[in-house]
Amino acid sequence: MSYWPVQPGSHRRPPMKRLRRNCGVALSALLLSLLAFKAFAVAEGAAESRAHAALLRDRAMMGSNAMRIVTDLTTQVGPRLAGSEAEARARAWALAILNKKGFANVRNEPFEMDAWQRHDEGGQILAPYPQPLAVSALGGSVSTGKDGLSADVTLFETLDDLKDAPKGSLEGRIAYVGHAMQRTQDGSSYGYFNDARTAGPSIAASKGALGYLIRSVGTDSHRFPHTGSLRYSEDMPRIPALALSNPDADQIERIAAGGQSLSVKVWVDSSVVPAAQSGNVIAEIPGRETPDEIVVIGAHLDSWDLGTGAIDDGAGVGITMAALELIKEAGLAPRRTIRLVLWGAEEVGLLGALAYRDKHEAAVANHVIGSESDFGGGRIWKITADSQSKAGDTLFSDMARLLAPIGVAAGSDDEPGGGPDLYPLIAAGMPTLRLHQDGSDYFDLHHTADDTVDKLDSAALDQNVAAFAVFAWLAADSDVSFRAEKTPE
Ligand SMILES: [Zn+2]
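Residues numbered from 1 in each chain as written. Predicted model: local features only at pLDDT ≥ 70, side-chain atom pairs only at ≥ 80, totals over all residues. Heavy atoms only, no water.

## Here's the deal with the overall build of the chain
A tally of helices and strands in the chain yields 14 helices and 14 strands. On the chain, roughly 20,600 Å² of surface is accessible, and the fraction owed to carbon and sulfur atoms is 53%. (Helix = DSSP H or I, 4+ residues; strand = E, 2+ residues; numbered from the N terminus. Areas by Shrake-Rupley, 256 points an atom, 1.4 Å probe, with all protein chains shown as cover.)

What follows is the structure, encoded as structure tokens:
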């Protein structure tokens, strides 16, 4: 655990007193001047590094390529579901653009996955008031069969209420779970409410339900249902599962509150392609002194299929690619390697992140720190880090000072994070830095057909680029270890 800002310079002082005692006068004077020169050179190097960081920040704020990149991705590729032909086109697009920009070690690291495909879906109220419903199948949902599924609905206010339902009480019925997700700046309620989406279907099946409906895990009031992946339990029957848009969820809750029994019909046509191709696209600025040490930045390249994946996560692709580009165009060569990873198949269970961890298992300890951009295109307002070393805290204080003028406050917490695709590396001990974005409207758009590029603001993206460039540059140009300090012998 560490908290910052800390007092810089409280560690690593040269052991002057001991040197004076043990050496002759001339020798100690020579050593002292050498030490002083080294300390001066290190301080000079750090000052120069900070000056470059300030320059990167200012250039980004004047306008970066982030908006251009996300516009091209969402226009020239569009939606790019994990394991699909469209995701393959996104990789080809990324490889071409990264090669054109002249980055080093541009490559695709492929992996195989079972790819879910959506073909058709729909829903309607049969009784008491027949009318269509705006629904979307959850990612991974099985098909209903071509006749659809018609059944009475049992409504639950929360997932916990569904959990409390007696076994067998939902035989022949469709279970519906509502919730009360609230708008927050940091999206903090998502983790809690998305359990209704991921775990809900198998919990409903365990009570005998034939189908599962949820109120979209989202904060908007439009007729855009929010998709997102579900997770079937191995030991439960797999039942079709769909999300209702928030106004449609209001509608069925209103009807049910009237006391009449509610009957709906839903249909899903989906399939799974076994051993489909996905991949992680990688590009680097190689380190000039310790190229084996890696600072990871990136975003995920896949998206859901309803919108064009602009805020999730085209924005992150634009932000991190533009940050890397800025460092390269400034002609800067950091001590360590900066690696951009555009992760594949994040949405369906961090498959790219897990494939990366497996492939790079022997080099995980060389990943000195990482940060992913995966929370839309809102401005960054806070920076937190989980450095385990004092030297790391000092460097983060430098970063915070550089980012303060563009509206980023230093957080006093050290909550772990840094982006979902980093979880496997975090579990393996990699420290992370988190650039917290304002996500007040993120869950209005997340996983919906409304996730399109017109929602992004290029000045806000540029501010994100500035922060990522400052982070990546300073972390890569230092020799600071962010991992736990070894206790001296
Ligand atoms: Zn995402």
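## Quick word on the packing of aromatic side chains
Scanning the entire structure with this criterion turns up five aromatic pairs. Taken together, the aromatic side chains of Phe375, Tyr442 and Phe443 make up a single cluster linked through ring pairs. (Phe/Tyr/Trp six-rings, centres within 6.5 Å; stacked < 30°, edge-to-face > 60°.)

## So, the confidence of the model for the chain
Interpretation of the predicted coordinates at a detailed level should be avoided for regions scoring low in pLDDT. With 90% of its residues at a pLDDT of 70 or more, the chain shows a mean pLDDT of 91. Scored below 50 in pLDDT, residues 1–23 shows 34 contacts in the model against residues more than four places distant or in partner chains. (pLDDT = per-residue confidence, 0-100. Contact = heavy atoms within 4.5 Å.)

## Quick look at the sheet that holds strand β12 (residues 380–385)
If you trace the three strands from one edge of the open sheet to the other, you get β13-β12-β14, paired in mixed fashion. Edge strands, defined here as strands with exactly one partner in the open sheet, are β13 (409–410) and β14 (433–437). Strand contacts of helix α14 (residues 458–477): β12 and β14, with the helix running at about 170 degrees to β14, the strand carrying the most contacts. (Pairing = 2+ DSSP bridges. Axes fitted to C-alpha atoms, helices over the stretch in contact; angles between N-to-C directions.)

## Here we look at the coordination of the zinc ion
Taken together, His300 (NE2), Asp312 (OD), Asp374 (OD) and Asp374 (OD) make up the protein donors of the zinc ion, found 1.9 to 2.7 Å from the metal. Coordination at the zinc ion is irregular, judged from the four donor atoms that bind it and the angles of 51 to 147 degrees they form at the metal. Mapped onto the sequence, the donors of the zinc ion take the spacing H-x11-D-x61-D. Here His300, found in strand β9 (residues 290–300), pairs with Asp374, found in the loop between β11 (367–372) and β12; they are 74 residues apart in sequence, far enough to count as distant. Residue His300 is classed as buried on the basis of its relative accessible area, which comes to 0%. Residue classification places Asp374 among the buried positions, given a relative accessible area of 13%. (Donors = N, O, S within 2.8 Å, 3.2 Å for Na, K, Ca; no water. Tetrahedral: all angles 85-135°; square planar, octahedral: opposite > 155°, others 65-115°. Buried < 20%, exposed > 50% of the residue type's maximum accessible area, 1.4 Å probe, protein only.)

## Considerations on the nonpolar core
A general feature of soluble globular proteins is that nonpolar side chains tend to end up buried together. Core analysis: the biggest nonpolar cluster contains 97 residues, and Leu98, Leu162, Tyr212 and Met399 have the highest contact counts within it. Looking at which element gives the most residues to this core, the answer is α14, with 13 residues. In contact with Leu162, not counting residues within four places along its chain, are Phe156, Leu170, Ala175, Val177, Gly200, Ile203, Ala204, Lys207 and Tyr212. Counting 22 residues, the second largest nonpolar core, distinct from the first, contains Val135, Val153, Ala249 and Leu262. (Core = buried A, V, L, I, M, F, W, Y, C linked by side-chain atoms within 4.5 Å.)

## A word on unusual backbone geometry
Here the residue pair Ala127 and Pro128 is connected by a cis peptide bond, since its omega of 10 degrees sits within 30 degrees of zero. As for its placement among the helices and strands, Pro128 is situated in the loop between β1 (104–127) and β2 (131–133). For the peptide bond that leads from Asp312 to Asp313, omega is 10 degrees, which places it in the cis range. The backbone of Asn105 sits at a positive phi, close to 50 degrees, despite the residue not being glycine. Mapped onto the fold, Asn105 is located in strand β1. Its identity is not glycine, yet Ala345 carries a phi of approximately 50 degrees, on the positive side.

## Some points on helix α4 (residues 85–100)
The end-to-end C-alpha separation of α4 is 23 Å, in line with the 22 Å expected for 16 residues at 1.5 Å each. Among all positions of α4, only Ala86, Glu87, Ala90, Arg91, Trp93, Ala94, Ile97 and Leu98 are buried. The buried residues of α4 occupy an angular sector of 160 degrees when the element is viewed end-on, so they sit on one face. Facing away from the buried side of α4 by over 90 degrees, the exposed positions are Glu85 and Lys100. A distance of 3.2 Å separates the backbone nitrogen of Ala86 from a side-chain oxygen at the start of α4, and that oxygen is part of Ser84. One or two residues past the end of α4 sits Gly102, with phi positive at roughly 80 degrees. (Expected span 1.5 Å × (residues − 1). Arc of directions from axis to C-beta. Polar contact = N/O pair within 3.5 Å; in protein donor to acceptor, adjacent residues only side chain to side chain.)

## Quick notes on the packing of helix α9 (residues 310–329) against α14
With their axes 8 Å apart at the nearest point, α9 and α14 run at an angle of 55 degrees to one another. One finds that α9 runs oblique with respect to α14. The element α9 and its partner α14 pack so that their crossing is right-handed. Contact residues: α9 offers Ala315, Ile319, Thr320, Ala322, Ala323, Leu326 and Ile327, while α14 offers Leu461, Asn464, Val465, Phe468, Ala469, Ala472 and Trp473. (Parallel < 35°, antiparallel > 145°, perpendicular 65-115°, else oblique. Left-handed = near helix turned anticlockwise from the far one by under 90°.)

## Comments concerning the pairing of strand β10 (residues 336–343)
Extensive coverage of β10 is indicated by the burial of eight of its eight residues. Direction of pairing for strand β8 (residues 263–285) relative to β10: antiparallel, over a ladder of five bridges. Within the sheet, the bridge partner assigned to Ala283 lies in β10 and is Leu340. Sheet topology note: the β9/β10 ladder contains eight bridges and is parallel. Within the sheet, the bridge partner assigned to Val296 lies in β10 and is Arg339.

## Things to note about the pattern of salt bridges
For the structure shown, the criterion picks out 25 salt bridges. A salt bridge links Glu85 to Arg89; the nearest nitrogen and oxygen atoms lie 2.5 Å apart. Taken together, the residues span about one helical turn, with Glu85 and Arg89 both in helix α4 at a distance of four residues. Across the pair Glu87 and Arg91 runs a salt bridge whose closest N-O atoms are separated by 3.2 Å. With Glu87 and Arg91 both in helix α4 and four residues apart, the pair spans about one turn of that helix. For the pair shown, Glu87 and Arg91 are each scored as buried. Each of the salt bridges in this network shares a partner with another, and the network as a whole consists of Arg288, Glu289, Arg335, Asp477 and Asp479. (Salt bridge = Lys/Arg side-chain N within 4 Å of Asp/Glu carboxyl O.)

## Some remarks on the side chain of Asp386
Position of Asp386 among the secondary structure elements: in the loop between β12 and α11 (390–403). Within the buried core, Asp386 has no salt-bridge partner, and the shortest N-O distance to an opposite charge, that of Arg434, equals 9.8 Å. From its side chain, Asp386 meets the backbone nitrogen of Thr432 in a polar contact 2.6 Å long. (Lys, Arg positive; Asp, Glu negative; His and termini not counted.)

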